[in-house]
Amino acid sequence: MHRKFAPFFSLVLFVTVVLGFFFVSAEKSAAQGCFIEVTKIAPGAEGQVFEFNGVVEGQNIFTFFVAAGESTSGFASPDPATITEVPVAGWEFGGIECEPGGGVVILEVLEDGWVEQCVNPQAPTFCTIFNDPVAAAIPTLSEWGMIAAAAGLMMVGAWFVLKRKKAQIV
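Everything quoted here is computed from the prediction, not taken from an experiment.

Chemist: Got a sec to walk through the sheet that holds strand β7 (residues 104-109)? Specific residues and values, please.
Modeler: Spatially, the 5 strands line up as an open sheet ordered β3-β2-β5-β8-β7, and their pairing is antiparallel. Strands with a single pairing partner mark the edges of an open sheet, and in this sheet they are β3 (60-67) and β7. Neighbour to neighbour, the strand axes of the sheet diverge by 25° on average, direction disregarded. As judged from the 5 bridges shared by β7 and strand β8 (residues 113-118), these two strands associate in the antiparallel manner. Residue pairing across strands places isoleucine 106 opposite glutamate 116, the latter belonging to β8.

Chemist: Explain the nonpolar core residue by residue, including any values.
Modeler: Membership of the largest hydrophobic core comes to 21 residues, with the highest contact counts inside it found for Val38, Phe50, Phe52, Trp114 and Ile129. Those elements that place two or more of their residues in this core are β1 (34-41), β2 (49-56), β3, β6 (91-98), β8 and β9 (125-133). Not counting residues up to four positions away in its chain, the partners in contact with tryptophan 114 are Phe52, Ala81, Thr82, Ile83, Phe93, Ile96, Ile106, Glu108, Val109 and Ile129.

Chemist: Go over the pattern of salt bridges with me, naming the residues and quoting the values.
Modeler: On inspection of all chains with the given rule, the structure shows 1 salt bridge. Glutamate 85 is paired through a salt bridge with lysine 40; the nearest N and O atoms lie 2.6 Å apart. Of this pair, glutamate 85 sits in strand β5 (residues 81-85) while lysine 40 sits in strand β1, placing them 45 residues apart in sequence.

Chemist: Break down the state of the cysteines for me, with residues and values.
Modeler: Tallied over the full model, the rule gives 2 disulfides. Here cysteine 34 connects covalently by a disulfide to cysteine 118, the sulfurs 1.8 Å from one another. Between cysteine 34 and cysteine 118, the disulfide has an S-S torsion of 70° and is therefore right-handed. In this pair, cysteine 34 sits in strand β1 while cysteine 118 sits in strand β8, placing the two residues 84 residues apart along the sequence.

Chemist: Can you tell me about the pairing of β5, naming the residues and giving the values?
Modeler: Burial along β5 is one-sided: Ala81, Ile83 and Glu85 are buried, and none of Thr82 and Thr84, which face the opposite way, are. Where β2 lies against β5, 5 bridges are found, and the strand directions are antiparallel. Among the inter-strand pairings, glycine 54 is bridged to a residue of β5, identified as isoleucine 83. Bridge count for β5 against β8 is 4 bridges, and the pairing is antiparallel. From the neighbouring strand, threonine 82 faces β8, where its bridge partner is valine 115.

Parameters and conventions
Residues numbered from 1 in each chain as written. Predicted model: local features only at pLDDT ≥ 70, side-chain atom pairs only at ≥ 80, totals over all residues. Heavy atoms only, no water. Pairing = 2+ DSSP bridges. Helix = DSSP H or I, 4+ residues; strand = E, 2+ residues; numbered from the N terminus. Axes fitted to C-alpha atoms, helices over the stretch in contact; angles between N-to-C directions. Core = buried A, V, L, I, M, F, W, Y, C linked by side-chain atoms within 4.5 Å. Buried < 20%, exposed > 50% of the residue type's maximum accessible area, 1.4 Å probe, protein only. Contact = heavy atoms within 4.5 Å. Salt bridge = Lys/Arg side-chain N within 4 Å of Asp/Glu carboxyl O. Disulfide = S-S within 2.5 Å.

Structure follows, in structure tokens:
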């Protein structure tokens, strides 16, 4: 090899290595999925930590935690992922809403979670997860009727017991 071509070959080798590095980095970031940040809204539950379990098409299981009023972030999979909230006493899952234009699509909202999929790794996604307080169970009208009927039967029974005792005393 001639000495006058050595700098040219060095430059070509350097450019090839740098471009190879960028292609490997781009592949890695595409395999990582979409950036997603979720914020937890649960009025009156400040400091309460909520746990979520996820399954990516049956192959990858993961867990993450978010405290009420706080955010956490990670990467959504290019494959559909089902994420469910672990029940917390006094709270029920109230849904998820994402800002438009993000790379993660919510395919389905479930009773206790959602199904998501990364469709555009270049667009970050910002979502809000809601929880609603579970109200104490108030008896329905039919339940109040049964309570009243039971109380009435107890009063009639007590009246007969007292009448019998008076009859025995006399």
